[in-house]
Amino acid sequence: MSAAATTENKPAAPAIEKIKVKVDGREIEVPRLIADWSGKLTPTTMIQACELAKTEVPHYCWHPKLPVVGNCRMCLVEFGTPALGPDRKPVLNPDGTPKIAKSPRPAISCATPVSPGMEIYTKTPAVKQMREGVLESLLINHPLDCPICDQAGECKLQEYSVDYGQSASRFVEAKVHKPKAVDLGPRIMLDAERCILCTRCIRFTRDIAGDDALGIINRGSYNTIATFPGAPFDNNYTLNTVDVCPVGALTSKDFRFQMRAWFLKETKSVCTSCATGCNILIGSREEKIYRYTPRDNDAVNASWMCDAGRLNYKWIGRADRLQDVWVRGQKSSWPAAIRELADKLKQAPAGSVAIIASARQTNEELWLLAKLKARLGALSDAIPREGESDKLLVSADRNPNTNGARLTGICFTEMGINLVKIADGIASGKIKTLIVFGENIVKRAVAHDKLRERETISEVVDEHGITAELLGKLDALIVSDILPNETTRLAHFVLPGAAPAEKRGTFTSGKGRVQKFMKAVEAPGVARAEWEFLQELVHHVTGQNNGLTVESLFNQMAREVAAFNGLTWQALGDTGVTVQI
Amino acid sequence: MAQEYKLILKHADEPGYTPDMECYLRHGGYQALKKALALPVKDLPDGKKLSGPEQIREDVKVSGLRGRGGAGFSCGLKWSFVDRKSGKPIYLICNADESEPGTFKDRQIIHKDPHQLIEGMIISCFANDVKLAYIYIRGEMPEGARILNQALKEARAKNFLGKNILGTGYDLEMHVHRGAGAYICGEETGLIESLEGKRPYPRIKPPYFPAILGLWMCPTIVNNVETLCNVKHIVTLSGAEFAKLGTPNNTGTRIVSLSGQVKRPGYYEIEVGKATLGELINDPKFGGGLREGRRLKAIIPGGSSSKVLKAGEKFKLKKKDAEGKEILVETDVLDLPYDFDSLAQAGTMSGSSAIIVMDDSVDIVGALANLSEFYAHESCGQCTPCREGSLWMNRTLQRLTHGEGRRQDADYLGKIADNIPGGRTICAFGEACSWPVQSFLAKFKDEFVAKGAADEARRAQSISGAAAGTSVAPVAPH
C-alpha cells in the first residue's frame, strides 16, 4: 500500500449514527447528533430534522448560531413516538408497521430531540391553530407600523402573518405602550413596541460577542429590552443584533429610513477591512450602496461581521473619486495612456522599474503586476497594514489580500522589507520608474482600527523612506488609485481604479480562503477595474494574452500559481475554497 | 367524622412552643436525624447491600409521599430521577416561595417550627448525598427568613449542620436565599435561575430537568417545605406506617389553607382524603359554615390556579365496591374527599391545598377579574402565549367590570384563554392563568353574558337618551 493511501485510510472521526424519522408522513434519515450553535455535537432536534426534510417550521427565537431558548412558541409541532407494550417492545399495527403513540401535548421543535421512529406533524389543524394563536399574541400589542418600519419587506412578523396568520383582528383592548426610538448605543436604535422579546439580540451579544450588555426589564407584557443604566450598547459587533432581530425592533442608525429593503439589489461580496474576509451582501440601488450585511459562511464568519467592516463603505460614493485618466497633468484617455505606458515600460532597462502594489488588490491584479515585474526585472512589494485583533472576527492584518500578494510573488512572507531597497534604488538613480497601485505611499498615517467608519482606504501604516522629495527624482511615477491623495497629485500617470464593490475578483484571506466577490455598482467616470487595464498593459508589454474576463484570468492564474493549482472560478462557489498558504 | 390530624403542626400551636432549638429538642427534635444518620447497612435477601441513604430513599417511596407544593408528584419518584452518576454535586433546594393566592401553610411551619423543616431537609440531603442545600424563601417573608437564619445558626452550633455532622463524617451546609418578589420564582426552574442570580425565566424541559441539569447545571432536587417536613416523619414512623395515614395513593397529612366567606377561615391539618370539601367548609371543627343567610356559590379547591367548582356540581368518582370492583359513584361537590385523586377526577386539583370559598354575594366576574389581574402582573413574560394572553384576559375582564362589556365578551375571553394552556408555554403558569378563566366561563358563563348585555343596553340607552336631549352619564370609550 502506498504512503498516500495509508494516510487516506487513517481512522476518521467515528461516523454519526443515522436515525429514521417521519416528517409529515415522509420518511427521512437524519444524523443522531448535529452541531449546535457552538459547534458541539448535540442530539438532533425536530426543527433540524424538518430542515433536512425541507419542511419549513416557522420560528422567531430559534437561530442556528445562537443558544436555544424556546420562548417564541412559534415552532410548536405535534409528534408521536413508537408505542411500547408492557414488555418494552414496540407495539405493531395489523400491517406490521410500528404503532405510533401521538403525544397529547405539542412540543417546541427547536428544543426537542428526535428519536428513532418519531413522527413529526407540522401541518395538523392543531399546529395551524397554535401558530395562529402565537401570531395573534405577538400582534395584539404590536404597533402595526409597517409603512414606516425599516424591517418591512424582510420582517418575519409580516411573512408569517401572511403564511400562518389570521386576516382579521378581534383585539379591542388598549395596546401596551413602550419606549420608542430608544438610543441603545452609537449604532443601534430600539423600538420596544415592535419587539417580540425573542431575546436573539441578548443571546448574540452575550454568547457570541461576549459583551453581556442587553437584558430585559419589567415583567409580563411590559417586558422591554434594555441596556444597563448609563452603559450604552457599544461593542464592535452591535449591528449583528439588527440582522438577527426578526422584526423592526432593532434598527441600524446608519440604514434607518434610508431605503426600503425591497428596492435593494443584493450582491455577494467579501468585506475588505481585514484579512478575515467576512462574506457579505452589498445592498445597493441605482449605483448607490446603502448597506453591507453579513452572508453565511461557516468556514469564515459564520453569520456575523464587525461594525467597523460593515460601515466601511461610504468612501466608495465620495464625490472626489478619481474619475479621469491623467497624463502629466493633462486629462487623457485609456487607449492613449496605456499605449504610452506600454511603450515606456517595453523600453525600460532591466531593474529600472519598481512596483509597489497593494494587498487590497485582487489576486488577479496582483498576479498581472507580478507578470510585469518578471518582464521588467522589477523590485516589488506591498504595504503592510496592522491593527489589533479580537477574539471573534477582526484580524490584526488589515489588508484583505496579504496572502494574495505573497502567493503571486509581489512580496515576501514579510511584507514591506523591499521598500528600503526601492527607496535606495530611487535615491541612487537606478530606479527611474515607479508603479504604485492603491497606496498613498507618501502618507505615513496609522490609525484606522477605530470603530468609526473610515474615510479612505489609502492609509499607509508602516514608516518607510519613500518621501515626496524622493519621488521627485523619478522619470515616471505611475499611480493607480481610487481616491485622490498626495501620491496621485505627484504622479505623472494617474489611472483611476475601482473599489471592490465595483468589480469582480478574488481575495485570499488570512487563513488561505480564496473567495470571489461580485460587482454591485458601476465605478464613476472612466474609472475601471484594475485587472481590466492591467491585462491590457501586460498584453502590450509582454505579448501575453491572459484572457479578457476575470474568469479566464483567474483560471489562467490557477494554472500558473502553485498555491492556486486546481482551482477554477466556478469551483470557488459562493463561499470559497481554502488553499495551503 | 372528619378530624384534624396534627402531624406536621403537632406542636406548632401549643401554648409556649417557640421556634428555638431548645424548645424543639425538648419536643423530641433531631431524633429522626440521629436515627437516619445511624441506619446500619441492610443486607437484602438477594445479597445486595442497602446503605442508610438508600434505605431512606426506599422508605420515602414506600410512604407514597406526594409533593405538597401543587403538582402532587411522587417524592420518591422525583428523588429516583436524580442523576447520581454524573460526578457533579447534587443540590437540594427547599421551595419556600409560597405565593399561590389562598395558600398560607408553609409560613406556619417556617414561623413556628423552623427546625422541623431543617431536620427534614438534613435527612433528605443525607439520603441524596447532598452537601449544599438552599432554602429559597419568598421575598415578602422577611420574618420567615430571619427565623430560618437563626435556626440554621442554632443547628450549626449543635453540629446538625456543617462539617462531620454528629461525628458521622457527613458534611452539609445550608443557606437561606430570599426572593425578590415574583410569583414565578415558585416554579422550580424559575427558582433555580433566580438562585443563580438571573431573571427567573423558567427553563425549557427538555433539556433542563432539575434532576439532571438543575442549579449550576448540576442534578438538583426541589421540594416544598411541607414535603420536606414529611420526610422527618417518614423516618420516625417508617414509610409503611406513614402510608397508613390518609388514604391509598393519597398518604400522610395535608395542611389545608381555608379562606373566603366561611366563619372560621384558617389552616387545618387533616389526613389526606379523610375529610370532604363539605366538611372542611361546614364542619364546626373546620370552616364552620358560611355566614348567616348566605348560600355557597363556588369553591376554588387548590389555590387560585385550580379550576373552580360550582355549588351543586355532581361528579362521577371511581370507587371500589365491596368486592373490589371499580364502580362510578355520583358525588356532590361537597362530598368530594379532599385528596389528590378525587379532585383530579372532578376536573380540578388540590394544588397547594388552599380552598377559597365564595358565597352568593360574590360577583363572579369581579372575582375572576381580581385573579386575572394577579396573573397579568406575575407573568414573567418569557414566552409569547402567556405573556400576551395573561394581560389580554385581564384587560378584557377589567373592561367588563368597569361597565364597558359586550355581549360577546364571554366567548371572546374563552378564545383568548384557549390559546394559552396545553403545553404551549414553557412552564405551568400558562395553565395557571388560563384555567381559572376557562373554568369560570364554563360554569358561570351566563353571568359574563349578562354583564356584557347589561353594559350594552346601558350604552344604547345612553345614546338614545342623548339623542332625546336627556342627560345620561356617558360611558368612556375603551
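These figures come from a predicted structure and were not determined experimentally.

How each quantity is defined
Residues numbered from 1 in each chain as written. Chains lettered and ligands numbered in written order. Predicted model: local features only at pLDDT ≥ 70, side-chain atom pairs only at ≥ 80, totals over all residues. Heavy atoms only, no water. Pairing = 2+ DSSP bridges. Helix = DSSP H or I, 4+ residues; strand = E, 2+ residues; numbered from the N terminus. Axes fitted to C-alpha atoms, helices over the stretch in contact; angles between N-to-C directions. Contact = heavy atoms within 4.5 Å. Buried < 20%, exposed > 50% of the residue type's maximum accessible area, 1.4 Å probe, protein only. Phe/Tyr/Trp six-rings, centres within 6.5 Å; stacked < 30°, edge-to-face > 60°. Lys NZ or Arg CZ within 6 Å of the ring centre and 35° of its normal. Expected span 1.5 Å × (residues − 1). Polar contact = N/O pair within 3.5 Å; in protein donor to acceptor, adjacent residues only side chain to side chain. Domains from an automatic or database assignment. Buried area = accessible area lost by both parts, 1.4 Å probe. Salt bridge = Lys/Arg side-chain N within 4 Å of Asp/Glu carboxyl O. Nonpolar A, V, L, I, M, F, W, Y, C, P; charged D, E, K, R; others polar. Core = buried A, V, L, I, M, F, W, Y, C linked by side-chain atoms within 4.5 Å. Arc of directions from axis to C-beta. 1 Å grid on protein atoms, 1.4 Å probe; cavity = no way out; pocket = protein on both sides within 12 Å on 5 of 7 lines; lining within 4 Å. Points joined across faces, edges and corners; volume = space filled by probe spheres on them.

Q: Please set out the sheet that holds strand S3 (residues 91-96) of chain B residue by residue, giving values where relevant.
A: All names here are of chain B. In spatial order, the strands read S5-S4-S3-S6; together these four strands make up an open sheet with parallel pairing. The open sheet has two edge strands with one neighbour each: strand S5 (173-178) and strand S6 (220-224). When strand polarity is set aside, the average angle formed by the axes of neighbouring strands in this sheet is 20 degrees. As paired elements, S3 and S6 share five bridges and run parallel to each other. Paired with Cys94 across the strands is Asn223, a residue of S6. Running over the sheet, helix H6 (residues 114-127) touches S3, strand S4 (132-137) and S5 and is turned about 150 degrees from S3. On the sheet, helix H7 (residues 142-157) packs against S4 and S5 and is oriented at approximately 170 degrees with respect to S5.

Q: How would you explain the pairing of strand S9 (residues 253-260) of chain B if you had to name every residue and give the values?
A: All names here are of chain B. For S9, the buried fraction is high: seven of the eight residues fall into the buried class. In the sheet, S9 pairs with strand S10 (residues 266-271) via six bridges, with the strands oriented antiparallel. What sits directly across from Ser257, in S10, is Tyr267. Inspection of the sheet shows S9 paired to strand S15 (residues 354-359) by four bridges, in the parallel sense.

Q: How would you explain the packing of aromatic side chains if you had to name every residue and give the values?
A: Any aromatic ring pair is given by two values, namely how distant the centres are and how the planes are angled relative to each other. Under the criterion given, the structure shown has 22 aromatic pairs over all chains. A ring pair is formed by Trp262(A) and Phe263(A), whose centres lie 6.0 Å apart and whose planes are at 55 degrees; its orientation type is tilted. Classification of Phe263(A) as partly exposed rests on a relative accessible area of 40%. The interplanar angle of 80 degrees and the centroid separation of 5.5 Å between the aromatic rings of Tyr375(B) and Phe429(B) together place this pair among those described as edge-to-face. Placement of the pair is Tyr375(B) in helix H14 (residues 364-378) and Phe429(B) in helix H17 (residues 429-467), with a sequence separation of 54 residues. We note that Tyr375(B), like Phe429(B), is buried. In textbook terms, an aromatic cluster arises when at least three aromatic residues are bridged by ring pairs, as seen for Tyr183(B), Phe374(B), Tyr375(B) and Phe429(B). Stacked on the ring of Phe255(A), the Lys or Arg Arg291(A) has its end atom at 4.6 Å from the ring centre. Above the ring of Phe444(B), the side-chain terminus of Lys310(B) is found at 5.2 Å from the ring centroid.

Q: Lay out H14(B) with the relevant residues and their values.
A: Residues and elements named next belong to chain B. For H14, with 15 residues, the first-to-last C-alpha span of 21 Å sits near the 21 Å given by 1.5 Å per residue. For H14, the full list of buried residues reads Ile364, Val365, Ala367, Leu368, Ala369, Leu371, Ser372, Tyr375, Ala376 and Glu378. A distance of 3.1 Å separates the backbone nitrogen of Val365 from a side-chain oxygen at the start of H14, and that oxygen is part of Asp363.

Q: How would you summarise the domain arrangement of chain B if you had to cite specific residues and measurements?
A: All names here are of chain B. Looking at the assigned domains, one finds that chain B contains domain 1 (21-244), domain 2 (253-359) and domain 3 (364-467). Between the C-alpha centres of domain 1 and domain 2 the distance comes to 29 Å. Counting residues at the interface gives 19 residues for domain 1 and 22 residues for domain 2. In this assembly, domain 1 packs against domain 2 so that about 1,500 Å² is buried in total across both faces, 50% of it on carbon and sulfur atoms. When the buried area of domain 1 at its contact with domain 2 is split by residue, Arg66, Arg68 and Phe104 rank highest and sum to 31% of it. Arg66 is the partner of Asp341 in a salt bridge, and the nearest nitrogen-oxygen pair spans 3.0 Å. Connecting domain 1 to domain 2 are 10 residue pairs in polar contact (both at pLDDT 80 or more). The element best represented in the side of domain 1 that touches domain 2 is helix H5 (residues 106-112), accounting for three residues.

Q: Any details on the interface of chain A and chain B? Residues and values, ideally.
A: Taken together, the contact pairs 39 residues of chain A with 33 residues of chain B. Of the roughly 3,000 Å² buried at the junction of chain A and chain B (both faces included), carbon and sulfur atoms supply 50%. When the buried surface of chain A facing chain B is broken down by residue, Arg170(A), Glu173(A) and Arg219(A) rank first, second and third, together holding 23% of it. Summed over the shared surface of chain A and chain B, the number is three salt bridges. The closest approach of N and O atoms between Arg105(A) and Glu431(B), which form a salt bridge, is 3.9 Å. The tally of links between chain A and chain B comes to 27 residue pairs in polar contact (both at pLDDT 80 or more). Secondary structure elements with two or more residues in the side of chain A that touches chain B: helix H3 (125-140) and strand S11 (214-217) of chain A. Looking at the side of chain A that touches chain B, the element that brings in the most residues is H3(A), giving eight residues. Within the side of chain A that touches chain B, the residues separate by chemical class into 21 nonpolar, 11 polar and seven charged.

Q: I'd love a proper account of the environment of Gln166(A), names of residues and values included.
A: Residue and element names in this part refer to chain A. Counting through the fold element by element, Gln166 comes out in the loop between helix H4 (156-164) and strand S9 (182-183). Judged by its relative accessible area of 39%, Gln166 is partly exposed. The spacing of Gln166 and Leu66 is 100 residues in sequence and 29 Å in space, taken between C-alpha atoms. Setting aside residues no more than four positions away along its own chain, Gln166 makes contact with Glu132 and Glu136.

Q: I'd love a proper account of the domain arrangement of chain A, names of residues and values included.
A: All names here are of chain A. The domain architecture assigned to chain A consists of domain 1 (18-123), domain 2 (141-316) and domain 3 (319-578). When each unit is reduced to the centre of its C-alpha atoms, the spacing between domain 2 and domain 3 is 36 Å. Facing the 41 residues of domain 2 at the interface are 37 residues of domain 3. Area buried by domain 2 at its contact with domain 3 is led by Thr272, Ala275 and Trp315, which between them contribute 23% of it. Inspection of the domain 2/domain 3 interface yields one salt bridge. With a closest N to O distance of 2.9 Å, Asp574 and Lys268 form a salt bridge. Where domain 2 meets domain 3, there are 17 residue pairs in polar contact (both at pLDDT 80 or more). For the side of domain 2 that touches domain 3, the elements supplying multiple residues, two or more each, are strand S14 (265-270), strand S15 (279-285) and strand S16 (288-294). Counting residues per element, the side of domain 2 that touches domain 3 draws most heavily on S14, which supplies five residues. Considering only residue class, the side of domain 2 that touches domain 3 consists of 19 nonpolar, 13 polar and nine charged.

Q: Please give an account of the nonpolar core that cites residues and values.
A: In this structure, Tyr60(A), Met358(B), Phe440(B) and Phe448(B) are the most contacted members of the largest nonpolar core, which totals 84 residues. Examining the composition of this core, we find that eight residues originate from one element, H17(B), more than from any other. Contact partners of Phe440(B), with chain neighbours within four places excluded, come to Ile300(B), Val308(B), Met358(B), Ile364(B), Ala367(B), Leu368(B), Leu371(B), Lys445(B) and Phe448(B).

Q: Please set out the pattern of salt bridges residue by residue, giving values where relevant.
A: Pairs may arise between side chains of opposite charge once their charged atoms sit close together. Residue and element names in this part refer to chain A. A complete count under the given rule lists 71 salt bridges over all chains for this structure. Residue Arg187 is joined to Asp234 by a salt bridge in which the shortest nitrogen-to-oxygen separation is 2.9 Å. In this pair, Arg187 is assigned in the loop between S9 and strand S10 (188-190) and Asp234 in the loop between strand S12 (224-227) and helix H6 (240-244), connecting sequence segments 47 residues apart. Several salt bridges converge on common partners, so that one network encompasses Asp145, Lys180, Asp191, Glu193 and Arg194.

Q: Before we move on, could you go through helix H11 (residues 419-428) of chain A and cite the residues and values that matter?
A: All names here are of chain A. Where H11 is concerned, the buried positions are Leu419, Ile422, Ala423, Gly425 and Ile426. End-on view of H11: buried residues confined to an arc of 160 degrees, all on one side of the axis. Exposed and oriented more than 90 degrees from the buried face of H11 are Val420 and Ser428. Those residues of H11 that are buried lie in contact with strand S19 (353-357), strand S20 (379-382), strand S21 (433-437) and helix H12 (468-471). Just downstream of H11 lies Gly429, where phi reads positive at about 85 degrees.

Q: Which residues make up empty space enclosed by the protein, and what values go with them?
A: Taken as a whole, this structure holds 10 cavities of 30 Å³ or more when the rule is applied. Its boundaries defined by the atoms lining it, the second largest cavity holds a volume of some 100 Å³. Asn141(A), Lys178(A), Glu193(A), Cys195(A) and Glu388(B) are, among the 14 residues lining the second largest cavity, the residues nearest its centre. For the lining of the second largest cavity, the per-class residue count stands at six nonpolar, three polar and five charged.

Q: Summarise the side chain of Ser257(B); cite the residues concerned and give the values.
A: Residue and element names in this part refer to chain B. Examined against the element boundaries, Ser257 turns out to sit in strand S9. A polar side-chain atom of Ser257 sits 3.1 Å from the main-chain amide nitrogen of Phe104. When residues no more than four places from it in sequence are discounted, the contact partners of Ser257 are Gly102, Thr103, Phe104, Lys105, Gly266, Tyr267, Ser353, Ala354 and Ile355.

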